[in-house]
Protein chains: 2
Amino acid sequence: MNVLVTYDVNTETKAGRRRLRQVATVCKDYGQRVQFSVFECRVEEAAYEEMRHRLMRTLNPKEDSLRIYRLPFPREKHVEVYGLDRYTSFDDPLVF
Amino acid sequence: MNVLVTYDVNTETKAGRRRLRQVATVCKDYGQRVQFSVFECRVEEAAYEEMRHRLMRTLNPKEDSLRIYRLPFPREKHVEVYGLDRYTSFDDPLVF
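A few points on the structure. For clarity, every value in this text was computed on a predicted model and none was experimentally measured.

Turning our eyes to something else, we now look at the sheet that holds strand E1 (residues 2–8) of chain B. Taken together, 5 strands build an open sheet; the order of strands is E5(A)-E4(B)-E1(B)-E3(B)-E2(B) and the sheet is antiparallel. A strand with exactly one partner marks an edge of an open sheet, and here the two such strands are strand E5 (79–83) of chain A together with strand E2 (31–35) of chain B. Each strand axis lies, on average, 20° off the axis of its neighbour in the sheet, ignoring direction. Strand contacts of helix H1 (residues 14–28) of chain B: E1, E2 and strand E3 (38–42) of chain B, with the helix running at about 175° to E1(B), the strand carrying the most contacts. In the packing of helix H2 (residues 45–58) of chain B onto the sheet, contacts are made with E5 of chain A together with E1, E3 and strand E4 (65–71) of chain B, and the angle to E4(B) comes to roughly 165°.

Turning our attention to unusual backbone geometry. Here A:Phe73 and A:Pro74 are connected by a cis peptide whose omega angle stands at -20°. Inspection of the secondary structure puts A:Pro74 in the loop between strand E4 (65–71) and E5.

This next bit is on the interface of chain B and chain A. Quite often, the size of an interface is put as the accessible area lost when its parts meet. Taken residue by residue, the interface counts 34 residues in chain B and 34 residues in chain A. Carbon and sulfur atoms make up 49% of the surface buried where chain B meets chain A, a total of about 3,000 Å² over both sides. On the chain B side of the interface with chain A, the three residues burying the most area are B:Gln35, B:Arg67 and B:Tyr82, jointly 25% of the side's total. Linking chain B with chain A are 7 salt bridges, by the criterion used here. For the side of chain B that touches chain A, the secondary-structure elements that each account for two or more residues are E1, E2, E3, H2, E4 and strand E5 (79–83) of chain B. Here the residues of the side of chain B that touches chain A are counted per class, giving 18 nonpolar, 5 polar and 11 charged.

Conventions we followed
Residues numbered from 1 in each chain as written. Chains lettered and ligands numbered in written order. Predicted model: local features only at pLDDT ≥ 70, side-chain atom pairs only at ≥ 80, totals over all residues. Heavy atoms only, no water. Pairing = 2+ DSSP bridges. Helix = DSSP H or I, 4+ residues; strand = E, 2+ residues; numbered from the N terminus. Axes fitted to C-alpha atoms, helices over the stretch in contact; angles between N-to-C directions. Contact = heavy atoms within 4.5 Å. Buried area = accessible area lost by both parts, 1.4 Å probe. Salt bridge = Lys/Arg side-chain N within 4 Å of Asp/Glu carboxyl O. Nonpolar A, V, L, I, M, F, W, Y, C, P; charged D, E, K, R; others polar.

Here you go:
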């Protein structure tokens, strides 16, 4: 499944700035950063649950906001991008 | 149609900070802010095109990033929210 993870973390405190780093670190395990606090992830159900739990354990629900959108297939038909684009298609051949 | 607008604007310059304000102002005409640079909009095709053009005119494609995702119906089945949630359902009765 394709999911979009977006988050706002309150960075007024040192703890908040740490949470912001940790959230990005978690998301990197499951997908790619397409904007500063937006990740696109392609995950199976089990990995999705694992990611969700790790994110919920990391965030402070009283100060932060996490939104996870399930995107329809095929991804390309449902997203339009303008300007800078960090996305690398999961389907493109990896060149080493 | 339900769309999700996410953006990163380069705010290192005064012009960038102005663009950031302008992008939010445009998005507010079509939907609601759910996170700092994430808006959920419910628009018809014509309004969608209008929003898209206004956003593309506002942003600097060399410095900024805009992503627009078409979300499937019903919205509630495809989004999970944790922590702070600014969203007000378009379907809830407006109380004046």
